[in-house]
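Given next are the chains, with one letter for each unit.
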Amino acid sequence: MSDKDRVYIFDTTLRDGEQVPGCQLNTVEKIQVAKALEELGVDVIEAGFPISSPGDFNSVVEISKAVTWPRICALTRAVEKDIDVAAEALRFAKSKRIHTGIGTSDQHIRYKFNSNREEILERAVKAVRYARKYVDDVEFYAEDAGRTDNEYLARIVEAVIKAGATVVNIPDTTGYCLPEEYGAKIRYLVENVDGIDDVIISTHCHNDLGMATANTMAGLINGARQCEVTINGVGERAGNTALEEIAMILRCHKSIGLQTNINTRKIYPISRTVSSLMNMPVQANKAVVGRNAFAHSSGIHQDGVLKDMSTYEIMNPADIGLDGNSIVLTARSGRAALRSRLEALGVKPEDAALDQLYKAFLKLADQKKEVNDDDLLVLAGAERSENHHIKLDFLQVTSGVGVKPIASIGVDIAGEKFESAAVGNGPVDAAINALKNIVHRKMTLKEFTIQNITKGSNDVGKVHMQVEHEGKVYYGFGANTDIVVASLEAYIDCINKF
Ligand code: KIV
Ligand code: ZN
């Protein structure tokens with residue numbers, strides 16, 4: 001593979017992806033994702049925005065220590081203090097990059113900065129020069145480049161290259177561009193910017209109109225050699241370009257002649273890990289990693305696939321690490337099988353944690369016979385919530401036709417035991433009312449989603465909730481074969497975050 005055919009994968013799951021409300025990860029979880037990204041073979045990990053919070057700062061420090069091969073990148077605004085803090089957070093990184101930039105569209109210049117094009121250009125140049133005092137590798141982003149006038153964009157890109165930028169990022173921040181338009185923008189820069197051959201052009205596409213992947217591909221075909229992506233396409237609003245889609249497009253369409261360093265067999269495990277840690281389900285029909293991505297249900301398709309896979313499958317499930325034979329465990333499966341399946345999913349428990357998980361696994365296997373990957377990831381997640389302040393001790397509900405639903409519950413709040421009972425218009429309402437009798441806080445349930453049950457009535461049900469408290473919305477998750485218990489757990493998860 002020559003340098004000009006190599007596409008660098010810049011993963012921003014831990015920065016742009018993690019900005020999704022309710023999907024924040026703690027530092028330990030971020031390290032787990034960063035290590036899985038390293039195994040996947042990404043070139044750059046954007047580990048956070050250090051000035052934004054002490055948590056983000058600390059995550060960049062810890063990821064820098066934990067990861068060896070990928071370059072660690074920290075985001076800043078075009079502000080000296082941001083750059084100082086980013087440089088400090090990156091001090092342990094073996095290989096590092098500062099990502100600085102500013103809005104360049106007229107909308108950003110006028111309304112966000114109350115400024116003008118010349119002043120913004122000066123600020124961009126100053127920021128890049130300042131960042132170069134700390135690191136050799138500085139990436140500049142022209143925020144909202146998708147809606148920025150190409151001539152002005154070319155001027156600013158040329159100026160930051162002269163100031164020392166090594167990578168120039170052309171974000172379609174609002175997901176507005178059409179693929180032809182975005183591709184032409186990249187081509188325009190390739191053809192009109194002095195010094196562009198000495199730097200890498202990066203794509204950074206959002207999915208507001210469902211065109212993030214198409215735009216990224218248009219950018220690559222027209223000369224970009226880095227793409228900024230997230231696992232499962234997570235990210236604010238409709239999300240970012242999905243890493244797995246770009247990796248598999250380039251693998252399936254060899255004629256494009258571009259290659260990445262991604263070990264595609266690690267795609268499925270990391271997809272499940274990120275989904276589980278962020279409590280963010282992957283939609284069933286999601287390209288590459290969705291539950292139905294390889295499920296042929298129509299008779300004609302099944303017949304064709306049975307005769308020869310190539311009739312309807314353009315990718316081999318094994319190429320993304322989906323090993324159909326080993327995704328179901330039963331009560332007869334031993335610790336070693338559990339460990340091996342968890343490891344395939346990117347979860348690497350210590351011995352003591354494995355013992356706990358194994359007990360929980362056996363309990364679940366008794367309830368539902370076959371335990372699948374999603375169930376295992378939920379179990380691994382339950383272990384993470386053991387340090388919660390409020391825990392559910394017991395729940396008993398009576399409901400049905402001709403009776404008023406009633407729930408009695410017991411909770412443990414920081415070691416103290418409380419009990420209560422209440423009625424409601426259904427079992428979940430009754431359980432939440434009983435909880436509210438104990439936790440005297442003003443709170444309103446804003447959203448309540450039960451994830452579809454995939455394998456029969458004995459499956460684990462997953463509940464996502466949003467609860468408003470003092471003007472802020474908190475996200476919670478619960479999973480159980482009993483949907484009322486899952487709902488109450490999700491509600492308690494929200495309260496634990498107040
Ligand atoms: O979408 C965007 O413009 C960004 C930049 C901060 C890189 O995320
Ligand atoms: Zn973005």
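Remember, it's a predicted structure, so these values are computed and weren't measured experimentally.

A. Highlighting the packing of helix α12 (residues 335-344) against helix α13 (residues 351-368). One can describe the packing of α12 onto α13 by two numbers: an axis separation of 10 Å at closest approach and a directional angle of 105°. Classified by the interaxial angle, the pair formed by α12 and α13 is roughly perpendicular. Between α12 and α13, the residues in contact are Arg 335, Leu 338, Arg 339 and Leu 342 and Asp 351, Leu 354, Asp 355, Leu 357, Tyr 358 and Phe 361, respectively. Split into classes, the residues belonging to the contact of α12 with α13 amount to 6 nonpolar, no polar and 4 charged.

B. Representation of the coordination of the zinc ion (ligand 2) in the model. Around the zinc ion (ligand 2), the protein contributes the donor atoms Asp 16 (OD), His 204 (NE2) and His 206 (NE2), which lie 2.0 to 2.1 Å from the metal centre. Considered as a linear motif, the donors of the zinc ion (ligand 2) on their single chain read D-x187-H-x1-H. Here the residue Asp 16 occupies a position in the loop between β1 (8-11) and α1 (27-40), and His 204 occupies one in strand β7 (residues 200-205), the gap between them amounting to 188 residues. No difference in accessibility class separates Asp 16 from His 204, as the two residues are buried.

C. Representation of the pairing of strand β8 (residues 226-229). A two-sided burial pattern is seen for β8, the buried positions comprising Gln 226 and Glu 228 on one face and Cys 227 and Val 229 on the other. As judged from the 4 bridges shared by β1 and β8, these two strands associate in the parallel manner. Bridge pairing in β8 places Tyr 8 opposite Gln 226. Bridging between β7 and β8 involves 3 bridges; their strand directions are parallel. Bridged to His 204 within β8 is Glu 228. Handedness of the crossover joining β7 and β8 through helix α8 (residues 212-221) is recorded here as right-handed.

D. Spotlight on the pattern of salt bridges. Applying the stated criterion across every chain, the model contains 31 salt bridges. Here Arg 6 ties to Asp 43 by a salt bridge, and the two come within 2.7 Å at their closest N and O atoms. With Arg 6 in the segment before β1 and Asp 43 in the loop between α1 and β2 (44-48), this pair connects stretches of sequence that are 37 residues apart. Neither residue differs from the other here; Arg 6 and Asp 43 are each classed as buried. Linking Asp 319 and Arg 251 is a salt bridge whose minimum nitrogen-to-oxygen distance equals 3.4 Å. Of this pair, Asp 319 sits in the loop between α11 (299-307) and α12 while Arg 251 sits in helix α9 (residues 243-252), placing them 68 residues apart in sequence. Residue classification places Asp 319 among the buried residues on the basis of a relative accessible area of 17%.

E. The domain arrangement of the chain, seen in detail. Domain boundaries assigned for the chain yield domain 1 (8-277), domain 2 (294-322), domain 3 (326-384) and domain 4 (390-496). Each of domain 2 and domain 4 has a C-alpha centre, and these two points are 41 Å apart.

F. Region of interest: the site of ligand 1. All residues in the neighbourhood of ligand 1 are listed as Arg 15, Asp 16, His 99, Tyr 141, Glu 143, Asn 169, Pro 171, Thr 173, His 204 and His 206. One of the side-chain N or O atoms of Arg 15 is found 3.0 Å from an oxygen atom in ligand 1. In this structure, His 206 approaches ligand 1 through a side-chain N or O atom, which is 3.0 Å from an oxygen atom. Contact with the protein chains covers 93% of the free accessible surface of ligand 1, which is 260 Å². When grouped by side-chain class, the residues that make up the shell around ligand 1 number 2 nonpolar, 5 polar and 3 charged.

G. Layout of the sheet that holds strand β12 (residues 444-451). If you walk across this open sheet you meet the 3 strands as β12-β13-β14, and the pairing is antiparallel. If you trace the sheet from one side to the other, it starts and ends with β12 and β14 (472-480), each paired once. Each adjacent strand pair in this sheet contributes to an overall mean axis angle of 15°, direction not counted. Two elements, β12 and strand β13 (residues 461-469), share 7 bridges in a ladder whose sense is antiparallel. Looking at β13, one finds that Phe 448 is bridged to Met 465. Of the strands in this sheet, β12, β13 and β14 are in contact with helix α16 (residues 483-496), which crosses β14 at around 145°.

H. Here's a closer look at the pairing of β7. In terms of burial, β7 is largely enclosed, as 5 of its 6 residues are buried. Strand direction decides the pairing type here: strand β6 (residues 167-172) and β7, joined by 6 bridges, are parallel. Within the sheet, the bridge partner assigned to Ile 170 lies in β7 and is Thr 203.

I. Examining the packing of aromatic side chains more closely. Summed over all chains, the structure comprises 3 aromatic pairs. Measuring from centroid to centroid gives 6.0 Å for Tyr 130 and Tyr 134, while their planes differ by 80°, and the two rings are edge-to-face. Residue classification places Tyr 130 among the buried positions, given a relative accessible area of 14%. What makes Tyr 134 partly exposed here is its relative accessible area of 41%. Relative to Phe 498, the ring of Tyr 474 lies with its centre 4.9 Å away and its plane at 55°, an arrangement referred to as tilted. Of this pair, Tyr 474 sits in strand β14 while Phe 498 sits in the segment after α16, and the two are 24 residues apart along the sequence. Taking the relative accessible area as the measure of exposure, Tyr 474 reaches 14% and is therefore buried. Owing to a relative accessible area of 25%, Phe 498 belongs among the partly exposed residues under this scheme.

J. Representation of the state of the cysteines. For the structure on display, the rule yields 0 disulfides. Between Cys 23, a cysteine without a disulfide, and Cys 494, which holds the nearest cysteine sulfur, the sulfur-to-sulfur distance is 12 Å. Cys 73 carries a free sulfur, and the closest cysteine sulfur to it, the one in Cys 227, is 14 Å from it. Cys 73 gets classed as buried once you look at its relative accessible area, which sits at 0%.

K. Highlighting the packing of helix α3 (residues 80-89) against helix α5 (residues 117-132). Running from N to C, α3 and α5 cross one another at 25°; their axes reach a closest spacing of 10 Å. As far as their axial angle goes, α5 and α3 are roughly parallel. Considering only the axes of α3 and α5, their crossing is right-handed. Contact residues: α3 offers Glu 80, Ile 83 and Asp 84, while α5 offers Lys 126, Ala 127, Tyr 130 and Ala 131. Looking at the contact of α3 with α5 residue by residue, the classes come out as 4 nonpolar, no polar and 3 charged.

Criteria and thresholds
Residues numbered from 1 in each chain as written. Chains lettered and ligands numbered in written order. Predicted model: local features only at pLDDT ≥ 70, side-chain atom pairs only at ≥ 80, totals over all residues. Heavy atoms only, no water. Axes fitted to C-alpha atoms, helices over the stretch in contact; angles between N-to-C directions. Helix = DSSP H or I, 4+ residues; strand = E, 2+ residues; numbered from the N terminus. Parallel < 35°, antiparallel > 145°, perpendicular 65-115°, else oblique. Contact = heavy atoms within 4.5 Å. Nonpolar A, V, L, I, M, F, W, Y, C, P; charged D, E, K, R; others polar. Donors = N, O, S within 2.8 Å, 3.2 Å for Na, K, Ca; no water. Buried < 20%, exposed > 50% of the residue type's maximum accessible area, 1.4 Å probe, protein only. Pairing = 2+ DSSP bridges. Right-handed = clockwise from strand over helix to strand, strands pointing away. Salt bridge = Lys/Arg side-chain N within 4 Å of Asp/Glu carboxyl O. Domains from an automatic or database assignment. Near = heavy atom within 4 Å. Polar contact = N/O pair within 3.5 Å; in protein donor to acceptor, adjacent residues only side chain to side chain. Areas by Shrake-Rupley, 256 points an atom, 1.4 Å probe, with all protein chains shown as cover. Phe/Tyr/Trp six-rings, centres within 6.5 Å; stacked < 30°, edge-to-face > 60°. Disulfide = S-S within 2.5 Å. Left-handed = near helix turned anticlockwise from the far one by under 90°.

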